[in-house]
Every structure is written in structure tokens, then in C-alpha cells.
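Letter by letter, the chains look like this.
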Amino acid sequence: MQHHLVTGQTLEFLDNPLRAPWQDCVRIDSAGAVRIEGGKIAEIGPAAALRAAHPALPVTDMGDALLLPGFVDAHAHYPQTAMIASWGKRLIDWLNSYTFPEELRFADPDYAAKIAARYFDLTLAHGTTTVCAYSTVHPASVEAFFTEAQARGLRALTGKTCMDRNAPEGLTDTAQSAYDDSKRLLEAWHGVDRLSYVITPRFSPTSTREQLSALGALYGEHPDCLMQTHISEQTDEIAWVAELFPEARDYLDTYEAAGLLGPTGLFGHAIHLMAREVDRLAETGAAVVHCPTSNTFIGSGLFDMAGLAPRLPVGLATDTGGGSSFSMLRTMAAAYEIGQLRGTAVHPAQLLWLATAGSAEALHLGDRIGRLAPGMEADLIALDLASTPAISQRYAEADDLWEAVFPTIMMGDDRAIAGVWIAGDRRI
Ligand code: GUN
Ligand code: ZN
């Protein structure tokens, strides 16, 4: 449908509720509508007014469902789909025991294509319309991800995960081949349809200085590309980085020395940062990505939302399959729980911001996705706020939208996703 209306409750963000009082950042309409034309949002307003102004338009009435931008998952590993929820290890053992053996299977392009399709089936069912994913070392894993996203018309981001040490032989490349393969993939896919290439060194322990520098050179040649990696997820990992890079001031310095610190940097986890690292990230404008279900699942630590969000762009992410869910609802719930453990209650407006506009801004896509606003790409979801008996009975007691939506954030899953539109076309 080229031109149509979707009605429901609408939630618009006017500003970042982690940097200004959340009450000043939101506009709610309990009987709102979104007018979609040519794959973009043309208008938001009261349903009655939009219906009257456009009497001939087809209308999809979502009742009391909450219309939101599709969720944006700022850090995930699509190749870890089939080993999610693997038991009993911490980061380095978990990588060696579960992750690397599974990623080896992506040497087979047919397997990569099968998992890419499965991954997008699962993420769309959970209301996630854009993902920034790691692929594996195999260029075919990037091709599989982009081919599947392109066929579905999705805005999507990925890159080849580069490693030239401390990983099994079938998962390593070299400094030169990482540069060459990444460059070839970037030139083939970056900016094609709704796809973006992301320069992707896995993390400092699995790259030599030479490889980090080769990717830093590529980043220097393509500063419009994002660069994604991991930083300061677990204390053992940080100690290992200090052993491997004795000359570095800290973990961030291993990336900066290689030319990998820039305003389009995306640093996953960022739990145990030193003050200098936070200052340097803030000076640079780089973003950090909070992966709360992963941080509790792998036992990594408690992200400092209250300390970091006022200073740095923060994205929210599943980190599938270190994260234990494909759901950004479950991810918001875990972010809330981590906030509570740190003594900071994150408001539902802030959680919804993080899962939509916050992640979009971290990905430098805040002018295209992540908000209900005229001119944005029409990737939307409708959230059923009474999707199960347990949620429904709590919803019935709610006095305002925040009380109405919080049970779905805390207890909801894919059953809450009543509708998904990609560039204006309904998919669910
Ligand atoms: N650090 C390096 N690689 C990974 C990964 O695949 N998952 C997580 N959670 N942390 C990492
Ligand atoms: Zn990760």
C-alpha cells in the first residue's frame, strides 16, 4: 500500500529523555494516527483529524495498541542464533566452547543463508526492524546477511568479523586479507538500498596491532562507515588486553593507536571503563552499546547508564547469542533490572527511547529511523499492551500510558508484536 493510515496510540519523542526530563521529551496521543506515503512517514496526528483530511485513504485500525518505530538492535551476532542460551561459561571460555565452533559452520555459504533467514524471521517477529550485526570471518556470511535483508527491504548493517590471532584456524584471516575482504565487501554493499557496511575488528585480544592498524587505515579511507567492536566487557578480558598490549594506556588506547577511534565508533558493552576512556569517548563523539541480557547471562557486570548516558550516545542491544534473547522488550527489562541493581530506576520513556531513537542515533541513522516523525522511513510496530493474561490483568489497572506499557516491557515477548511495517508495507 503506497498511501495509507495506521491508527492507535502514538508516542513521539521530541528529545532525548536521558539528557532532559523525560516529561519534556514525549508526546502521547491515545487516539493517534500515522499517515504513510511512499515508504515514509508523511504525518502524525489525531486519528479523527487525519481521517477527516484524507477520507479516501485505507485505514488499518490497531485499536489501543501502541504505535512505535520498529526496534533498533545496535549490536548482535546473527551467526550465534543457533547457539543462544549455551550454559555455564564466562566470556573467554564461552567464546572458545560455544561461539567459535558455531561460527566455523559459516564456512558453508548455504548454512550462512539458512541462519540469516532464520535470524530475520525471529527478529521481525519480535518487532526489531533494524539490526547492526557482526557476521563471521567468512565474506559469504556478510553476503548472506545483506542478501536476506535486501530481499526483505530492511535497513540493516553488518561487517566481516576480523580476527588474526587467539581464534581457531578456520576463523582467522590476516591483516592484509582483513583489509582486502572488508574493502571489497564495503565497496559492494555500503549504501546499496538500505544496507550499510560496518568495519568490524572483533576485539583487541583476537587482532594483532597490524590487523587493527590495517582496519584503522580502511576506516580512515571511509570515515562515513561505522566501526564496531567490543570493549571492557569482563575484568579477565581487560587484564588480557593489558598483557597483549603493554604499551597501551588502557583498552580504548589499543583501538585509538590503530586509528579505530572516531565519531562513528560503536563500542559494545563498555562496562568497566576507566575515567580517561569515558572522557576520550565523549571528546570523540563515539557511541557505547548496552547489552544487558548478555551482561547478566555471561556475568559481565553492571553498565553505568546514569554515568554514561548524559555524556555519550548510548545504544541498546540484544548481543544475541551472548545475550539470551532476540527480544528488545526483554532487553529493555534487563536494562531496567541492571539500573535497579545500580540504584537508578530507568523510566519506561527512557527504555523505549534507548530501543528506538537512542540506538538509531548511536548508529548515525537518527535522521532516518527510530522515531515517529514526518520524513522518517516507515518502519513501525504496533505493541499490544495486553498480549497475555498476566500482562492484561495488570494493564487493566493502569492509570496512565507508562503504567500501561511497563508490564509489556517487563513481561512481554513476541506475542505483544501485533503489527510490523517495513517501509510502509505490513509484514506481521
Ligand atoms: N567479545 C568478543 N567477541 C564477543 C562475542 O561474540 N560476544 C560477546 N558477548 N563478547 C564478545
Ligand atoms: Zn558482541
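Visitor: Is there a simple way to think about the pattern of salt bridges in this case?
Guide: Pairing is possible between side chains of opposite charge, provided their charged atoms come close. The final tally for this structure, using the stated rule, is 26 salt bridges. Note that Asp-121 is salt-bridged to Arg-152, the shortest N-O span being 2.9 Å. Of this pair, Asp-121 sits in helix 3 (residues 109-125) while Arg-152 sits in the loop between helix 4 (139-151) and strand 7 (156-159), placing them 31 residues apart in sequence. In this structure Asp-121 comes out as partly exposed when scored by relative accessible area, which is 46%. Using a relative accessible area of 15% as the deciding quantity, one classes Arg-152 as buried. When the shortest N-O distance is used, the salt bridge between Lys-183 and Glu-187 registers 3.4 Å. Taken together, the positions of Lys-183 and Glu-187, both in helix 5 (residues 175-189) and four residues apart, correspond to about one turn of that helix.

Visitor: Before we go on, may I ask you to explain the layout of surface pockets in this structure?
Guide: With a probe scaled to a water molecule rolled over the atoms, the places where space remains empty come into view. Space inside the largest pocket adds up to approximately 240 Å³. What lines the largest pocket is a set of 16 residues, among which His-190, Ser-196, Asp-224, His-364 and Leu-365 lie closest to the centre. Counted by class, the lining of the largest pocket contains five nonpolar, five polar and six charged residues.

Visitor: Just to check I follow, could you spell out the coordination of the zinc ion (ligand 2) for this structure?
Guide: The textbook angles at a metal center are 109.5 degrees for a tetrahedron of four donors and 90 or 180 degrees for an octahedron of six. Donor atoms from the polypeptide that bind the zinc ion (ligand 2) are His-75 (NE2), His-77 (NE2), His-230 (NE2) and Asp-319 (OD), placed at 2.0 to 2.4 Å. Each of the four donor atoms around the zinc ion (ligand 2) contributes to a set of angles spanning 89 to 162°, which defines the coordination as irregular. Within one chain, the residues donating to the zinc ion (ligand 2) are spaced in sequence as H-x1-H-x152-H-x88-D. Note that His-75 is positioned in strand 5 (residues 71-77) and His-230 in strand 10 (residues 226-231), a separation of 155 residues in sequence. Each member of the pair His-75 and His-230 is classed as buried.

Visitor: Explain the site of ligand 1 to me, please; I cannot follow it from the model alone.
Guide: The local shell around ligand 1 holds 13 residues, among which His-77, Gln-80, Arg-202, Glu-233 and Asp-319 are the closest. In the model, an oxygen atom of ligand 1 is placed 2.9 Å from a nitrogen or oxygen of the Gln-80 side chain. If ligand 1 stood free it would expose 280 Å²; the protein chains cover 100% of that surface. For the shell around ligand 1, the leading source of residues is helix 2 (residues 91-104), giving three residues. When the residues that make up the shell around ligand 1 are grouped by side-chain class, the tally is five nonpolar, five polar and three charged.

Visitor: Where do I start with the environment of Arg-276 in this structure?
Guide: Mapped onto the elements of the fold, Arg-276 is located in helix 9 (residues 275-284). In this structure, the C-alpha to C-alpha distance between Arg-276 and Thr-161, residues 115 residues apart in sequence, is 27 Å. With residues near it in sequence (within four places) discarded, Arg-276 still touches Arg-249, Asp-250, Leu-252, Asp-253 and Glu-256.

Visitor: Please explain empty space enclosed by the protein as it appears in this structure.
Guide: On inspection of all chains with the given rule, the structure shows three cavities of 30 Å³ or more. Reported here for the largest cavity is a volume of approximately 100 Å³. In this structure, the largest cavity is lined by 14 residues; those nearest its centre are Leu-91, Trp-94, Leu-95, His-230 and Glu-233. Residue contributions to the lining of the largest cavity peak at three residues, all from helix 2. Taken together, the residues of the lining of the largest cavity sort by class into five nonpolar, six polar and three charged. Taken as a whole, the second largest cavity encloses approximately 40 Å³ of empty space. Lining the second largest cavity are Pro-69, Gly-70, Val-72, Thr-129, Thr-130, Ile-369, Gly-370, Glu-377 and Asp-379. Residues belonging to the lining of the second largest cavity are distributed by class as follows: three nonpolar, four polar and two charged.

Visitor: Whenever I open this one, the sheet that holds strand 4 (residues 59-69) confuses me. Can you help?
Guide: In a beta sheet, neighbouring strands are held together by backbone hydrogen bonds and run either parallel or antiparallel to one another. On the basis of which strands lie adjacent, the open sheet formed by seven strands has the order 3-2-1-4-14-15-16 and mixed pairing. On the outer flanks of this sheet lie strand 3 (40-46) and strand 16 (425-426), each paired with one strand and no other. Bridging between strand 1 (residues 3-13) and strand 2 (residues 26-37) involves 10 bridges; their strand directions are antiparallel. In the sheet register, Leu-5 faces strand 2, and the bridge partner there is Arg-35.

Visitor: How should I be thinking about the pairing of strand 11 (residues 265-269) in this particular structure?
Guide: Most of strand 11 is tucked away, with five of its five residues classed as buried. Sheet topology note: the strand 10/strand 11 ladder contains five bridges and is parallel. Paired with His-230 across the bridge in strand 11 is Gly-268. Summarising the sheet, strand 11 and strand 12 (residues 287-290) pair through three bridges and their orientation is parallel. When the sheet's bridge partners are listed, Leu-266 is paired in strand 12 with Ala-287.

Visitor: What's the story with helix 12 (residues 328-341) in this structure? I'm lost.
Guide: Over its 14 residues, helix 12 extends 20 Å from the first C-alpha to the last, a length consistent with the 20 Å expected when each residue adds 1.5 Å. Of all 14 residues in helix 12, 10 are buried; the element is thus mostly enclosed. Turning to helix 12, its buried residues number three or more, namely Met-328, Leu-329, Thr-331, Met-332, Ala-333, Ala-334, Ala-335, Tyr-336, Ile-338 and Gly-339. By the N-cap criterion, in which a side-chain oxygen at the helix start approaches the backbone nitrogen of a residue two or three places on, helix 12 is capped by Ser-327, the distance to Leu-329 being 3.0 Å. Just past helix 12, the residue Gly-343 takes up positive phi, approximately 85°.

Visitor: Looking at this structure, how should I read the pairing of strand 14 (residues 380-383)?
Guide: Sheet faces and side chains relate simply in a regular strand, where the side chains alternate between the two faces. Every second residue of strand 14 is oriented toward a common face, with Leu-380 and Ala-382 on one face and Ile-381 and Leu-383 on the other, all of them buried. Two elements, strand 4 and strand 14, share four bridges in a ladder whose sense is antiparallel. Directly across from Leu-66, in strand 14, lies its bridge partner Leu-383. Bridge count for strand 14 against strand 15 (residues 417-422) is four bridges, and the pairing is antiparallel. Among the inter-strand pairings, Ile-381 is bridged to a residue of strand 15, identified as Val-420.

Conventions adopted
Residues numbered from 1 in each chain as written. Chains lettered and ligands numbered in written order. Predicted model: local features only at pLDDT ≥ 70, side-chain atom pairs only at ≥ 80, totals over all residues. Heavy atoms only, no water. Salt bridge = Lys/Arg side-chain N within 4 Å of Asp/Glu carboxyl O. Helix = DSSP H or I, 4+ residues; strand = E, 2+ residues; numbered from the N terminus. Buried < 20%, exposed > 50% of the residue type's maximum accessible area, 1.4 Å probe, protein only. 1 Å grid on protein atoms, 1.4 Å probe; cavity = no way out; pocket = protein on both sides within 12 Å on 5 of 7 lines; lining within 4 Å. Points joined across faces, edges and corners; volume = space filled by probe spheres on them. Nonpolar A, V, L, I, M, F, W, Y, C, P; charged D, E, K, R; others polar. Donors = N, O, S within 2.8 Å, 3.2 Å for Na, K, Ca; no water. Tetrahedral: all angles 85-135°; square planar, octahedral: opposite > 155°, others 65-115°. Near = heavy atom within 4 Å. Polar contact = N/O pair within 3.5 Å; in protein donor to acceptor, adjacent residues only side chain to side chain. Areas by Shrake-Rupley, 256 points an atom, 1.4 Å probe, with all protein chains shown as cover. Contact = heavy atoms within 4.5 Å. Pairing = 2+ DSSP bridges. Expected span 1.5 Å × (residues − 1).

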